[in-house]
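Working through the structure, step by step
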Amino acid sequence: MQKLKICLLFVLFLSCSQKRETVYPQKAKLTSSVYASVTIQPDSLYKIYTVVAGILDKNLVEEGDLVKEGDAILKINDRAPKLNSDNAYLSLQQSKENVQGNAAILKDIEDDIYSAKLKFTNDSINFSRQKRLWDQNIGSKSEYDTKKLAYELSENQLKQQKARYARTKYDLETKMEQAKNSYSTTQIVIDDYTVNSKINGRVYAILKEPGELVNTLEPLGAIGSATNFKIVMLIDEVDIIKVKVGQQTLVTLDAYPKEVFTASVSKIYPQKDERSQTFTIEALFTKTPATLYPGLAGEGNIVISEKEDVLTIPIEYLMDGNMVETEEGEVQVEVGFKNLESVEIVSGITESTKLLKPKV
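Quick look at the structure, then. (Residues numbered from 1 in each chain as written. Predicted model: local features only at pLDDT ≥ 70, side-chain atom pairs only at ≥ 80, totals over all residues. Heavy atoms only, no water.)

Here the focus is the sheet that holds strand E17 (residues 329-332). With antiparallel pairing, the four strands of this open sheet are ordered in space as E1-E20-E16-E17. A strand with exactly one partner marks an edge of an open sheet, and here the two such strands are strand E1 (22-23) and E17. (Pairing = 2+ DSSP bridges. Helix = DSSP H or I, 4+ residues; strand = E, 2+ residues; numbered from the N terminus.)

Right, here's the structure in full:
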C-alpha cells in the first residue's frame, strides 16, 4: 500500500513537472527596431594638429577649458621664424626708404631730369633762333647744324632720363611689394607656430607637454562642442538598409541605467568598416541629458516601424516560421510584423486560441 502511494505521488509529480506553459494571443502595439551599440561624442569634435614641426613651448589651455574660435591653444618655439621676420621687416623699411624717403634713389634721377630739362630748353631756344636766321639766309650752315645737333642730343638725353626714372621707379616699387610679401609670409609662418581653436567649444584632450617634439602627423589634442553632443552608433550590415534619416531612436546609457532617452537619426555614413563589418550612423538627442562626457557608452534601438492594435504572440511560441501548437494540435498561421520579442499573427488563430509553448 505504501509503495502504491509513492508510485502515485511520483506519477503526479512527473505529470506536474511536464506541464507546459500556455499563452493567449493579445492585441498590442508592435514595434520593430534595429539594435546598435552607442558611444557619445561632442558635436564638431576634431583633433588638433600643427602645420609646423618643432619643440612645444607651452600649452595655453588645459583639459576642460572653454575656448572661443581663434583662441590660442598651444605655442611652438618660434625664435628662428621671428628672426626671419625681423630681417624681412628691415628689408621692407629699406625698400620704402628707397621709394619714398628723402635719400631715395628716385630723387637723384629727378635732379638729373631737371638738369636735362634745363639743357633741353636752352638748346631748343638756341636752335630756334639759329633756324629763324637760317631761314632768312643769315648765318652759316655749320652753325645751324651745330645748334640742331645740340638740340637733338639734349632732347634724347631728356627722354633717356625720363625712361630711366620710370624703369627705376618700377623696379623699386616691385622690390618694395616683394619685401611686403616676404614680410607677410614671415608673419604667416610665425602664426603657424601658434595653434588656435577652430570653433567655440571645450578642450577635451591635450596630448603633449612643453619640451616635447611635435610634428605634423601626430595629434596634439582634441576640441569639440561644449553643449551639443551626438550619438554615434554602429549598425550591423544586415540591418543598415532598414535605417533612414529621421527615424526615432531609443537610447540607454550605462551612466543612466534607469533612464531611456529619445533621439532621431541625423546622418548615415555610407562607408562600411571592413574590420568590424558595421556601418556608422549618428543621431541627436530629442532632449539632451543634464551631464554628458565623451566616450559614454550604451545601447540604442532604432525604431523601424510600428503597428497599433495587432494580434501578437511571444515569438518563442512560433515554430518553423509559420506554425503554432494548440490544444488540438499544430496550426498553420500567417505572420506579419515581428521584433525580437513578439510576432504579429495575421490569420489562423484568434484571441481565444490557447497556445502551448513548444517543447525544447
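Before going further, it helps to examine the packing of aromatic side chains. A full pass over the atoms with the stated rule returns six aromatic pairs. An angle of 10 degrees between the planes, with centres 5.3 Å apart, marks the rings of phenylalanine 127 and tyrosine 151 as stacked. Of the two residues, phenylalanine 127 sits in helix H3 (residues 105-135) while tyrosine 151 sits in helix H4 (residues 141-192), which places them 24 residues apart along the sequence. Its relative accessible area of 11% is what places phenylalanine 127 among the buried residues. Where tyrosine 256 meets phenylalanine 261, the ring centres are 5.4 Å apart and the plane angle is 85 degrees; that geometry is what we call edge-to-face. Neither tyrosine 256 nor phenylalanine 261 differs from the other in exposure class; each is buried. Taken together, the ring pairs in this structure connect Phe120, Phe127, Tyr144 and Tyr151 into an aromatic cluster. (Phe/Tyr/Trp six-rings, centres within 6.5 Å; stacked < 30°, edge-to-face > 60°. Buried < 20%, exposed > 50% of the residue type's maximum accessible area, 1.4 Å probe, protein only.)

So, about the sheet that holds strand E6 (residues 72-76). Each strand in a sheet pairs with its neighbour through backbone hydrogen bonds, running either in the same direction (parallel) or in the opposite one (antiparallel). Reading across the sheet, the four strands line up as E7-E6-E4-E9 and stay open at both edges, with antiparallel pairing between neighbours. Strands at the two margins of the open sheet, each flanked by one partner only, are strand E7 (194-196) and strand E9 (213-214).

A word on the nonpolar core. In this structure, Ile40, Ile231, Met233, Ile235, Leu253, Ile281 and Ile302 are the most contacted members of the largest nonpolar core, which totals 23 residues. Looking at this core, the elements with two or more residues in it are strand E2 (26-42), strand E11 (229-236), strand E12 (248-253), strand E13 (256-268) and strand E14 (278-285). Residues in contact with isoleucine 231, not counting those within four places in the same chain, are Val38, Thr39, Ile40, Val251, Ala263, Ile281, Glu282, Ala283, Leu284 and Phe285. (Core = buried A, V, L, I, M, F, W, Y, C linked by side-chain atoms within 4.5 Å. Contact = heavy atoms within 4.5 Å.)

Shape is all these values report; function is a separate question.
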